[in-house]
Amino acid sequence: KHKDAYQAILDGVKGGAKEKRLAAQFIPKFFKHFPELADSAINAQLDLCEDEDVSIRRQAIKELPQFATGDNLPRVADILTQLLQSDDSAEFNLVNNALLSIFKMDAKGTLGGLFSQILQGEDIVRERAIKFLSTKLKTLPEEVMTKEVEEFILTESKKVLEDVTGEEFVLFMKILSGLKSLQTVSGRQQLVELVAEQADLEQTFNPSDPDCVDRLLQCTRQAVPLFSKNVHSTKFVTYFCEHVLPNLSSLTTPVEGLDIQLEVLKLLAEMSSFCGDMEKLESNLKKLFDKLLEYMPLPPEEAENGENAGNEEPKLQFSYVECLLYSFHQLGRKLPDFLTAKLNAEKLKDFKIRLQYFARGLQVYIRQLRLALQGKTGEALKTEENKIKVVALKITNNINVLIKDLFHIPPSYKSTVTLSWKPVQKADASQKRASEDTTSSSPPKKASAGPKRDARQIYNPPSGKYSSNLGSFSYEQRGGFRGGRGRGWGGRGNRSRGRIY
């Protein structure tokens, strides 16, 4: 009976500022009494959400959750998701709060609106909707995030993952690995399979294509924290041994200042501890062994008078050798007679000579490093130079332990070492997570074009008989995605533009 009066309120959105302000309050207030005018009412409120006057916009946005009843909820969620593109911080916060409040009414309906925009919306809306999911889902209580809701998130995420940039992929892995239902062994296994699919381990590896290399590395970085004694890395380790190691020297990267070869070897070392039964174990161990030999030089020949016959001392690449030796030691456990039964006597003798020469150089550096760090504690150890020396000492000690194992007759694979970068990695990762998780009251800022990497100074020990390239103690933070969909992991097709309320 008051239909005409309500229609008059709806018409108020075409009036002046005062009429609009009143309409912004009264349209939602009496909305539920006029179901036959529902469409007109929502459209009228939307017009107010796009008004030039910021105070009218804010009022209209604040009231949007009142329209989220029954079948209207997914539509309201869709609208609010599009409004995430606002650059006004108060407005942006209102949209976030409105989305969270309708999430508590109907999580699946709200997710339906968010995912429809992620799949079809404009780039800025897609970007902010993904950011919303990655920061807000974990704040929702268990009664909202039910098993059914988590399954819906996984199903919809799989659709999005068919076409994402590297940066988006990382955010989706963060969203999915935070889901309670995926914290189990089978859940982690599912995530590893998702990453393997994204890495496209069936494809031919092209070392000279920076995007192909980058994709593999980024995916592997996402997989590494998921591996355990129950969730195996076999598929990735096999791919690295068969396709990446033989092409190590020709790898290219789009990331400036990254030692791509060391990065690959570090990932392989981290994964090697969780490798299960491998089909072509002997042939892959041989590839790993051959690569290790490249970095384990033979001693230079001496002239008759005992002096060096003019040959330059070989450079000892400690960082590379730590990774390769560790990986060989881990996989070697699965085929303990590889060095004695699978290599001929000549090859084994050659390997022992290389190990011995490397071990001699190693002892010199361990002594030099210990001397340089002697008596230094607290603040003194925090200087850039000393930090690098501490890592250098970890690397050289690790290699020393592994070489001693291989000198046993027969070679032993019993020692355990912690990879030199691991503690540093953990600290970096937790700081990084903390900084990502802090939510600010302003809209997300555009990500910078490239990753910021610390160009750390390299420690060069005194030159002498065993002068070495101790370079590459990079304190690399994992990461380094390049923004820009369509550049990295396949551009997504043209999507509709403009308001699709």
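Preceding this paragraph is the structure being described.
Not measured: the values here are computed from a predicted model.

Draft legend 1. Structural detail: the overall build of the protein chain. A count of helical and extended segments in the protein chain gives 20 helices and zero strands. Counting every position in the protein chain, which comprises 501 residues, the buried fraction comes to 49%. Put simply, of all contacts in the protein chain between residues at least 6 apart along the chain, 75% involve residues at least 24 apart. For the protein chain, the computed accessible surface area is about 24,100 Å², with 50% contributed by carbon and sulfur atoms.

Draft legend 2. Layout of the packing of helix α4 (residues 54-63) against helix α6 (residues 89-105). Axis separation between α4 and α6 bottoms out at 9 Å; the angle between their running directions is 10°. In terms of axis orientation, α4 runs roughly parallel to α6. Here α4 contributes Val54, Arg57, Arg58, Ile61 and Lys62 to the contact with α6, which in turn contributes Ala90, Glu91, Leu94, Val95 and Ala98. Tallied by class, residues from the contact of α4 with α6 come to six nonpolar, no polar and four charged.

Draft legend 3. Representation of the pattern of salt bridges. As enumerated under the stated definition, the model contains 17 salt bridges in all. Residues Lys180 and Glu142 are paired through a salt bridge, measuring 3.4 Å at the closest nitrogen-oxygen approach. In this pair, Lys180 is assigned in the loop between α10 (166-177) and α11 (185-199) and Glu142 in the loop between α8 (123-136) and α9 (147-160), connecting sequence segments 38 residues apart. Taking relative accessible area as the criterion, Glu142 reaches 58% and is therefore assigned exposed. In this structure, Arg221 and Glu263 form a salt bridge, with 2.7 Å as the shortest nitrogen-oxygen distance. One end of the pair, Arg221, is in helix α12 (residues 210-223); the other, Glu263, is in helix α14 (residues 260-272), and 42 residues separate them in sequence. Classification of Arg221 as buried rests on a relative accessible area of 9%. Looking at Glu263, the relative accessible area reads 2%, which means it is buried.

So, how was this worked out
- Residues numbered from 1 in each chain as written.
- Predicted model: local features only at pLDDT ≥ 70, side-chain atom pairs only at ≥ 80, totals over all residues.
- Heavy atoms only, no water.
- Helix = DSSP H or I, 4+ residues; strand = E, 2+ residues; numbered from the N terminus.
- Buried < 20%, exposed > 50% of the residue type's maximum accessible area, 1.4 Å probe, protein only.
- Contact = heavy atoms within 4.5 Å.
- Areas by Shrake-Rupley, 256 points an atom, 1.4 Å probe, with all protein chains shown as cover.
- Axes fitted to C-alpha atoms, helices over the stretch in contact; angles between N-to-C directions.
- Parallel < 35°, antiparallel > 145°, perpendicular 65-115°, else oblique.
- Nonpolar A, V, L, I, M, F, W, Y, C, P; charged D, E, K, R; others polar.
- Salt bridge = Lys/Arg side-chain N within 4 Å of Asp/Glu carboxyl O.

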